[in-house]
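Here is how the chains run, residue by residue.
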Amino acid sequence: MAKTFEDHFSALQADMVSIAMEYADNRADHIYIYCSSERGNRSCDVFYVINKKVLRKHKLNDAQHTDGCPPYDTDIDKQAQLLDIIDENNVNIQTLCKNHGKEPPTQIKIAYDVARNKLRADIGYDEYYTNSLERSASTVLNEWFEEIQKQVESGNS
């Protein structure tokens, strides 16, 4: 049976999660992936929850491990490779949508709960920052990071 649009779309999101999980040596509790594509401006990033601590990709070694696991490899080249793959998937999603006559999303927020193997994607079609002089993709990412941080601190993650 031929793959549907939804199958391809889901596979691209799953690939983002897979590479983000690999970057964290399969030791993350939750993964959060942000992709945007507004007016030709693309951005992507990822952050994690590990041991009830919300961490940017370069700060994974701030997680407290008591199991004797080795440190995370947060080398700048490895971070760049991670983001390149996520960005490539974002571009592929844009192309997939256009090829199927669907409106490409301007924003995708993927939240993946590792223990439950549950992926939730919030997909938006509005302009979130290009219509403002005060906002950027980083602003949107930072707001989401802070929102997740508050949820984790309050025990609602």
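How each quantity is defined
- Every chain's residues receive numbers from 1 upward, in the order its sequence appears when written.
- Residues qualify for local features only when their pLDDT is at least 70, as the model is predicted, and side-chain atom pairs are given and counted only at 80 or more; totals for whole chains, interfaces and linings, by contrast, use all residues.
- No hydrogens and no water enter the side-chain calculation; it runs on all heavy atoms of the structure.
- Only DSSP runs of H or I reaching four residues or more are called helices, and only runs of E reaching two or more are called strands; each is numbered from the N terminus.
- Atoms counted for the radius of gyration: C-alpha only. Globule rule: 2.2 Å times the number of residues to the power 0.38.
- Exposure classes here rest on a 1.4 Å probe applied to the protein chains alone. A residue is buried below 20% of its type maximum, exposed above 50%, and partly exposed in between.
- Note on contacts: a residue pair qualifies if any of its non-hydrogen atoms lie within 4.5 Å across the two residues.
- Residue exposure ignores everything except the shown protein chains as possible cover, and the areas themselves are Shrake-Rupley values with a 1.4 Å probe.
- Here Asp and Glu are counted as negative and Lys and Arg as positive; His is not counted, and neither are the chain ends.
- The atoms used to mark charge sites are NZ of Lys, CZ of Arg, CG of Asp and CD of Glu.
- For a helix, the expected span equals 1.5 Å multiplied by the residue count minus one.
- Polar contact criterion, stated in full: a pair of N or O atoms within 3.5 Å, where within protein one must be able to donate a hydrogen and the other to accept it, and residues adjacent in sequence count only if both atoms are side-chain atoms.
- In what follows, salt bridge is the name for a side-chain nitrogen of Lys or Arg lying within 4 Å of a carboxyl oxygen of Asp or Glu.
- For two strands to count as paired, DSSP must find a minimum of two bridges between them.
- Lines fitted to C-alpha atoms define the axes here, with helix axes fitted over just the stretch in contact, and angles between the N-to-C directions of these axes take values from 0 to 180 degrees.

Colleague: Which parts of the structure should I look at to understand the overall build of the protein chain?
Modeller: Helix and strand content of the protein chain: three helices and five strands. When the helices and strands of the protein chain are read in sequence order from the N terminus, they spell out α-β-β-β-α-β-β-α. Its C-alpha atoms give the protein chain a radius of gyration of 16 Å, near enough to 15 Å, the size a compact globule of 157 residues would have. Oriented by its inertia axes, the alpha-carbon framework of the protein chain measures out at about 50 × 45 × 35 Å. Out of the 157 residues belonging to the protein chain, those deemed buried represent 43%. Within the protein chain, residue pairs in contact and separated by at least 24 positions form 58% of the contacts whose partners lie at least 6 positions apart. A total accessible area of about 8,900 Å² is found for the protein chain, and carbon and sulfur atoms account for 45% of it. For the protein chain, the separation between the mean place of its 18 positive charges and that of its 26 negative charges on side chains is 3 Å.

Colleague: Quick question: what am I supposed to make of unusual backbone geometry here?
Modeller: A negative phi angle characterises most non-glycine residues, just as the trans form characterises most peptide bonds. Of note, R39 is a non-glycine position whose phi angle comes to about 50 degrees, a positive value. The residue R39 is located in the loop between β1 (30-38) and β2 (41-50) in this model. Residue classification places R39 among the exposed residues on the basis of a relative accessible area of 59%. Notably, K52 is not glycine yet its phi reads approximately 65 degrees, a positive angle. You can see K52 is positioned in the loop between β2 and β3 (53-56).

Colleague: Explanation requested: the environment of S43 in the structure shown.
Modeller: Along the chain, the position of S43 falls in strand β2. Note: C-alpha distance between S43 and N90 (47 residues apart in sequence) is 9.0 Å. Beyond its immediate chain neighbours, meaning those up to four positions away, S43 contacts Y34, C35, S36, N90 and A137.

Colleague: What is the right way to look at helix α2 (residues 76-99) in this model?
Modeller: Along an α-helix, residues three or four apart share an orientation, since each turn contains 3.6 residues. Compared with the 34 Å implied by 1.5 Å per residue over 24 residues, the 34 Å span of α2 between its first and last C-alpha is a close match. Those residues of α2 lying buried are Q79, L82, L83, I86, D87, N89, N90, I93, Q94, L96 and C97. Buried residues along α2 sit against α1 (5-23), β1, β2 and β4 (107-113). Put simply, D75 is the residue that caps the front of α2, since its side-chain oxygen is 2.9 Å from the backbone nitrogen of D77. One or two steps after α2, the chain reaches G101, where phi turns positive at roughly 65 degrees.

Colleague: Whenever I open this one, the side chain of K109 confuses me. Can you help?
Modeller: Structurally, the position occupied by K109 is in strand β4. An unpaired buried charge is present at K109: no salt bridge exists, and E147, the closest side chain of opposite charge, is 5.1 Å distant.

Colleague: Would you take a moment to explain the sheet that holds β1 for this structure?
Modeller: Backbone-to-backbone hydrogen bonds pair the strands of a sheet. The strands run either parallel or antiparallel. Read from one edge of the open sheet, five strands run β3-β2-β1-β4-β5, paired in antiparallel fashion. Only two strands of the sheet have a single partner each, and these edge strands are β3 and β5 (118-124). Geometrically, the sheet is characterised by an average inter-axis angle of 15 degrees between neighbouring strands, direction not taken into account. Sheet topology note: the β1/β2 ladder contains nine bridges and is antiparallel. Within β2, the position partnered with S36 by the bridge is S43. Against the sheet, α2 contacts β1, β2 and β4, and its axis sits at roughly 125 degrees relative to β2.

Colleague: Please clarify how the environment of S36 should be interpreted in this entry.
Modeller: Examined against the element boundaries, S36 turns out to sit in strand β1. Among the residues examined, S36 registers a relative accessible area of 0% and is labelled buried. Only 3.0 Å separates the side chain of S36 from the side chain of Y129, close enough to count as a polar contact.

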